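Summary of the model geometry
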Amino acid sequence: MPLNYWYICKLGNVLTFAFALGVITVLSAAVSAADASEKPEISGRVVTGYQGWFRTPGDDTDLGWVHWGRGRKFDERQSTIEMWPDMTEASESEKYPTAYRHADGSVAYVFSSAHPDTVRRHFEWMSDYGIGGAMQQRFVSGLRQDRRRASLDRVLENTRAASAATGTPWALMYDLSGLQAGEIESIAFQDIRRLIQEERILEDPYYLHHEGKPLIAIWGVGFKVNRKYTVEESAALVDLLQNDPQIGGNAIMLGVPYWWRENARDAEGHPAFHDLLKRVQIVSPWAVGRVRDPDTAQQRVEPVLRPDIAWTRRNGNDYLPVIFPGFSWVNLQRSNGSKTASDYNTIPRLDGEFLWSQAVAAKRAGAKMIYVAMFDEVDEATAIFKITNDPPVNGANGERFISYGDNVPPDHYLWLAGEIGRLVAGETPVRRQMPHRPAEQFQR
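Here the structure is a predicted model, which means the values were calculated and not measured. (Residues numbered from 1 in each chain as written. Predicted model: local features only at pLDDT ≥ 70, side-chain atom pairs only at ≥ 80, totals over all residues. Heavy atoms only, no water.)

Remarks on the overall build of the chain
A count of helices and strands for the chain gives 12 helices and 12 strands. Looking at the chain as a whole, 56% of its 444 residues are labelled buried. A separation of at least 24 residues holds for 74% of the contacts in the chain among residues at least 6 apart in sequence. Accessible surface for the chain amounts to roughly 19,200 Å². Of this, 49% is attributable to carbon and sulfur atoms. (Helix = DSSP H or I, 4+ residues; strand = E, 2+ residues; numbered from the N terminus. Buried < 20%, exposed > 50% of the residue type's maximum accessible area, 1.4 Å probe, protein only. Contact = heavy atoms within 4.5 Å. Areas by Shrake-Rupley, 256 points an atom, 1.4 Å probe, with all protein chains shown as cover.)

Digging into empty space enclosed by the protein
Tallied over the entire structure, the rule returns five cavities of 30 Å³ or more. For the largest cavity, the calculated volume is near 160 Å³. In this structure, the largest cavity is lined by 14 residues; those nearest its centre are Tyr258, Ala287, Leu305, Val322 and Ile323. Contributions of two or more residues to the lining of the largest cavity are made by strand 11 (322–323) and helix 11 (353–365). A breakdown of the residues in the lining of the largest cavity according to their chemical character gives 12 nonpolar, one polar and one charged. (1 Å grid on protein atoms, 1.4 Å probe; cavity = no way out; pocket = protein on both sides within 12 Å on 5 of 7 lines; lining within 4 Å. Points joined across faces, edges and corners; volume = space filled by probe spheres on them. Nonpolar A, V, L, I, M, F, W, Y, C, P; charged D, E, K, R; others polar.)

As for the environment of Met374
Inspection of the secondary structure puts Met374 in the loop between strand 12 (370–372) and helix 12 (412–424). Along the backbone, Met374 and Ile384 are 10 residues apart, and their C-alpha atoms lie at a distance of 6.5 Å. If we ignore the near neighbours within four places in the chain, the residues touching Met374 are Thr48, Gly49, Tyr50, Gln51, Gln137, Trp286, Thr382, Ala383 and Ile384.

A closer look at the nonpolar core
Counting 132 residues, the largest nonpolar core has Leu254, Tyr371 and Ile420 as its most contacted members. Once residues lying within four places of it in the same chain are set aside, the contact partners of Tyr371 are Val47, Thr48, Gly49, Met135, Gln137, Met173, Trp286, Leu320, Pro321, Val322 and Ile323. (Core = buried A, V, L, I, M, F, W, Y, C linked by side-chain atoms within 4.5 Å.)

Here we look at helix 11
The terminal C-alpha atoms of helix 11, which comprises 13 residues, lie 18 Å apart, in line with the 18 Å expected from a rise of 1.5 Å per residue. Burial within helix 11 is extensive, with 10 of its 13 residues counted as buried. All buried positions along helix 11 are accounted for by Phe354, Leu355, Trp356, Ser357, Gln358, Ala359, Val360, Ala361, Ala362 and Ala365. Tucked inside the fold, the buried residues of helix 11 contact helix 8 (294–299), helix 9 (301–314), strand 11, strand 12 and helix 12. (Expected span 1.5 Å × (residues − 1).)

Observations concerning the environment of Ile387
Following the sequence through the fold, Ile387 ends up in the loop between strand 12 and helix 12. Note: C-alpha distance between Ile387 and Pro410 (23 residues apart in sequence) is 5.1 Å. With residues near it in sequence (within four places) discarded, Ile387 still touches Met83, Trp84, Pro85, Asp86, Val378, Ile402, Ser403, Tyr404 and Pro410.

A word on the environment of Ala417
Turning to its location among the elements, Ala417 is positioned in helix 12. With 46 residues separating them along the chain, Ala417 and Tyr371 place their C-alpha atoms 9.9 Å apart. Those residues in contact with Ala417 that sit more than four places away from it in its chain are Val46, Ile131 and Ile384.

Looking at the packing of helix 3 (residues 116–129) against helix 4 (residues 146–166)
Following both chains from N to C, one finds helix 3 and helix 4 inclined at 45°, their axes separated by 9 Å at the closest point. Our classification of the angle between helix 3 and helix 4 gives oblique. Handedness of the crossing formed by helix 3 with helix 4: right-handed. In this structure, helix 3 uses Pro116, Val119, Arg120, Phe123, Glu124 and Ser127 to contact helix 4, whose residues at the interface are Asn158, Thr159, Ala162, Ser163, Ala165 and Thr166. Of the residues in the contact of helix 3 with helix 4, the class split is five nonpolar, five polar and two charged. (Axes fitted to C-alpha atoms, helices over the stretch in contact; angles between N-to-C directions. Parallel < 35°, antiparallel > 145°, perpendicular 65-115°, else oblique. Left-handed = near helix turned anticlockwise from the far one by under 90°.)

Focus: the packing of aromatic side chains
Working definition: an aromatic ring pair is given by the centre-to-centre distance plus the angle between the planes. On inspection of all chains with the given rule, the structure shows 25 aromatic pairs. Arranged with centres 5.3 Å apart and planes meeting at 55°, the rings of Phe74 and Tyr100 form a pair that is tilted. Of this pair, Phe74 sits in the loop between strand 1 (46–50) and strand 2 (96–101) while Tyr100 sits in strand 2, placing them 26 residues apart in sequence. Judged by relative accessible area, Phe74 falls into the buried class, the value being 4%. Positioned above the aromatic ring of Tyr109, the side-chain terminus of Lys95 is 5.9 Å from the ring centre. Stacked on the ring of Trp259, the Lys or Arg Arg265 has its end atom at 3.9 Å from the ring centre. (Phe/Tyr/Trp six-rings, centres within 6.5 Å; stacked < 30°, edge-to-face > 60°. Lys NZ or Arg CZ within 6 Å of the ring centre and 35° of its normal.)

Some points on the confidence of the model for the chain
Residues at a pLDDT of 70 or more form 88% of the chain, whose mean pLDDT is 89. Scored below 50 in pLDDT, residues 1–36 makes eight contacts in the model with residues more than four places away or belonging to other chains. (pLDDT = per-residue confidence, 0-100.)

Observations regarding the side chain of Glu233
Examined against the element boundaries, Glu233 turns out to sit in helix 6 (residues 231–243). Put simply, Glu233 is tucked away with no salt bridge, and the nearest opposite charge, on Arg144, sits 11 Å away. Dropping the residues within four chain positions of it, Glu233 is found in contact with Ala181, Gly182, Glu183, Ile184 and Lys228. (Lys, Arg positive; Asp, Glu negative; His and termini not counted. Salt bridge = Lys/Arg side-chain N within 4 Å of Asp/Glu carboxyl O.)

Digging into unusual backbone geometry
For the bond running from Ala373 to Met374, omega is -5°, close enough to zero to count as cis. One non-glycine residue, His67, lies in positive phi territory at about 65°. Position of His67 among the secondary structure elements: in the loop between strand 1 and strand 2. By relative accessible area, His67 is classed as partly exposed at 27%. Non-glycine residue Leu350 carries a positive phi angle of around 55°. Among the structural elements, Leu350 can be located in the loop between helix 10 (330–335) and helix 11. Leu350 gets classed as partly exposed once you look at its relative accessible area, which sits at 45%.

Written out as structure tokens, the structure reads:
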């Protein structure tokens, strides 16, 4: 119950009031210290990437069809998605109509990540199915324009509120993709200072930590292709977040190329790259598209995963392997004007066997945490959230939308991600065969 200042003054006991305030201050500090010691740790968890990049006309961001379509259009010639979200649980205010129709002629709706109820529902799903946390993507290139920055801030606010309401841990992932030389300092430095000092994001009750320190992920360091910024610029951002007097003291996860250890293939081969890796707390290689079937996943244990983990342990790091449920991007490539041939379901999901095989391989290699890419990315068909098995019919341009398949319900990959969380935590045995889900648990 709050102190009644008027009542205390009426009694004339100002000294008692001052003493009480001092006691409250001490108790508050003690509570804060206790809370800090109980912050969720990433070790022992399965976490997932949360893009939160979908926008629609009518969602008040004035950005149009972002990540649904291209050129502010979302129709049969501009679709950039491969899967269609399950909208059955959405309220009327969350449903945004499209030009597409289901087989019965009904309007096909999608969502906007700017809607707080939608983000909260996504975090409720994470909580309900046992997913240990979300890495909220923040695309630094989108901070160049005030309108886009405001949109990113809105999604961040939604994530923070959803985390607090559901108890689902979250952490910030700074995605450097698309930045030009010099923009890490000119854009990212100012933004991250604001988020930490003014918005105080690291003080959120369920903010993810690593070994007692707030965890901040920086994605896109050391890649060979389409990176105008340098390893040195990335190192300056790491130094800021680790050592700055005002905002330092954080644990850093770096999202790096798959062949980071050899510093070859998809890695640019910069001589200072490994020096930077030795300074961070977690190394996370991007594996999407690097394996294509369960056998390949198992074959990577000895030549790739075990040596990767051994390197990180020798150098005082931890290792966060990335796994993904499948891959397809025909519509996205077509909308880009690409003439490269591609098939739908390029990397088949196999009803979850593919995702499970990667998790088992990572656990056998000694991983203590796993990152599932991604929660909501329907663009490249790596989503694990609820997808409809009744997507819109083919458009005039020949595109189609794939589903999880007739054998699995819309929530299948949420359930499986939760099972992977149990695997990581050591609550279920490590075995090649995917867990069986009783039919009565299916949500259709």
